[in-house]
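# A closer look at the structure
Listed here are the chains, written in short residue letters.
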Amino acid sequence: MNKQTSFAPILTRAAEAETASDPSSVMTLLADSDTTGGQLTSYRSSFAKGAIGAPAHFHTRASEMFFVIDGSLQVLLGEELTVLNKGDFLLVPPHTPHAFAAAPGAEADVLFVFTPGMARFDYLRLLGRVMRGEASPQEIKDSSEQYDNHYVDSPVWQKALAERA
């Protein structure tokens, strides 16, 4: 191990990675903050056609990076909507409201990275349980400080979702 790092190299094989899923997406858990010395957290999400990813929210401590591996992802940034396509990269700084979903009529395969690292894997597991009806949505609300996920009202995002119907 290098003296300048506080963690050993991390190799997550696709065939061995833990997954968390809900009815419209599969999240492949790659590296969480407890294994990266708090440097980063990373996971990959594969969204079904038109699947909703996350409601409008912000983080107070971490920047969130999006890299679209394939497909198209619709993203809310503050009060603006944009579509990220294959190969596009986005960095969302702390305190910036954002939301995301597979673009209408499209699937999306996205790599997410949080820096500094945040304990996100337990949040993703909880989210999957809520989406499958195995846990209460109140548990998500109660965990906002723990997972640094602060939900906000966004008329722009609500309108974009309504237009999908």
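Computed from a predicted structure; not experimentally measured.

### A word on helix α1 (residues 121-131)
Since there are 3.6 residues in each turn of an α-helix, residues three or four apart along the chain are aligned in direction. What α1 keeps buried is the set Phe121, Tyr123, Leu124, Leu126, Leu127, Gly128 and Val130. Buried residues along α1 sit against β1 (19-22), β2 (25-31), β3 (41-47), α2 (137-142), α3 (144-147) and β10 (150-151). Count one or two residues on from α1 and you reach Gly133, which has phi positive near 80°.

### Brief notes about unusual backbone geometry
Residues Thr115 and Pro116 are joined by a peptide bond in cis, for which omega reads -5°. Despite not being glycine, His95 has its phi angle at roughly 70°, a positive value. Positive phi, normally seen in glycine, also occurs at Asp148, with a value near 55°. Relative to the elements of secondary structure, Asp148 occurs in the loop between α3 and β10. Overall, the relative accessible area of 0% leaves Asp148 in the buried class.

### Description of the side chain of Thr36
If you trace the backbone, Thr36 turns up in the loop between β2 and β3. Sequence-distant contacts of Thr36, that is, excluding residues within four places in its chain, are made with Phe7, Ile10 and Ala31.

### Describing the nonpolar core
Soluble, globular proteins show a tendency: their nonpolar side chains are buried together. Of all hydrophobic cores here, the largest spans 31 residues; its most connected members are Tyr43, Phe47, Phe66, Leu73, Phe100 and Val110. For this core, the secondary structure elements donating two or more residues are β2, β3, β5 (63-77), β7 (89-92), β8 (98-102), β9 (108-115) and α1. Here the element with the most residues in this core is α1; it accounts for 6 residues. Apart from the residues within four sequence positions on either side, Phe100 is in contact with Phe47, Ile52, Gly53, Ala54, His57, Glu64, Phe66, Leu73, Gln74, Val75, Phe112 and Trp157. Residues Ala56, Ala101, Trp157 and Ala160 belong to the second largest nonpolar core, which totals 6 residues.

### Notes on a nonpolar patch on the surface
A contiguous nonpolar surface patch, about 300 Å² in accessible area, is contributed by Phe67, Phe89 and Leu91. Locating Phe89 in the fold gives a position in strand β7. Phe89 gets classed as exposed once you look at its relative accessible area, which sits at 52%.

### Structural notes on the environment of Leu81
Mapped onto the elements of the fold, Leu81 is located in strand β6 (residues 80-85). Leu81 gets classed as partly exposed once you look at its relative accessible area, which sits at 39%. Sequence separation of Leu81 and His98 is 17 residues, and the distance between their C-alpha atoms is 9.3 Å.

### Here's the deal with the layout of surface pockets
In this structure, the largest pocket spans a volume of roughly 450 Å³. For the largest pocket, the lining is made up of 26 residues, of which Gly53, Pro55, Tyr123, Leu127 and Tyr151 are closest to its centre. Elements with a minimum of two residues in the lining of the largest pocket: β2, β3, β4 (52-58), β9, α1 and α2. The class makeup of the residues in the lining of the largest pocket is 17 nonpolar, 5 polar and 4 charged.

### Description of the pairing of β4
Where β4 and β8 come together, 3 bridges link them in antiparallel fashion. Looking across to β8, one finds that His57 is bridged to His98. Inspection of the sheet shows β4 paired to β10 by 2 bridges, in the antiparallel sense. Each bridged residue has a counterpart across the sheet, and for Phe58 the counterpart in β10 is His150.

### Quick look at the packing of aromatic side chains
In this structure the tally under the stated criterion is 7 aromatic pairs. Taking 6.2 Å as the distance between ring centres and 25° as the angle between the ring planes, the aromatic pair formed by Tyr43 and Phe114 counts as stacked. Here the residue Tyr43 occupies a position in strand β3, and Phe114 occupies one in strand β9, the gap between them amounting to 71 residues. Take Phe114: its relative accessible area is 0%, and that puts it in the buried class. For the ring pair Phe66 and Phe100, a centre distance of 5.4 Å and an interplane angle of 80° mean the geometry is edge-to-face. Within this pair, whereas Phe66 is found in strand β5, its partner Phe100 is found in strand β8, the two being separated by 34 residues in sequence. Neither residue differs from the other here; Phe66 and Phe100 are each classed as buried.

What counts as what
- Residues numbered from 1 in each chain as written.
- Predicted model: local features only at pLDDT ≥ 70, side-chain atom pairs only at ≥ 80, totals over all residues.
- Heavy atoms only, no water.
- Buried < 20%, exposed > 50% of the residue type's maximum accessible area, 1.4 Å probe, protein only.
- Helix = DSSP H or I, 4+ residues; strand = E, 2+ residues; numbered from the N terminus.
- Contact = heavy atoms within 4.5 Å.
- Core = buried A, V, L, I, M, F, W, Y, C linked by side-chain atoms within 4.5 Å.
- Patch = residues over 30% accessible without salt bridge, like charges linked within 9 Å, V, L, I, M, F, W, Y side chains within 5 Å.
- Areas by Shrake-Rupley, 256 points an atom, 1.4 Å probe, with all protein chains shown as cover.
- Salt bridge = Lys/Arg side-chain N within 4 Å of Asp/Glu carboxyl O.
- 1 Å grid on protein atoms, 1.4 Å probe; cavity = no way out; pocket = protein on both sides within 12 Å on 5 of 7 lines; lining within 4 Å.
- Points joined across faces, edges and corners; volume = space filled by probe spheres on them.
- Nonpolar A, V, L, I, M, F, W, Y, C, P; charged D, E, K, R; others polar.
- Pairing = 2+ DSSP bridges.
- Phe/Tyr/Trp six-rings, centres within 6.5 Å; stacked < 30°, edge-to-face > 60°.

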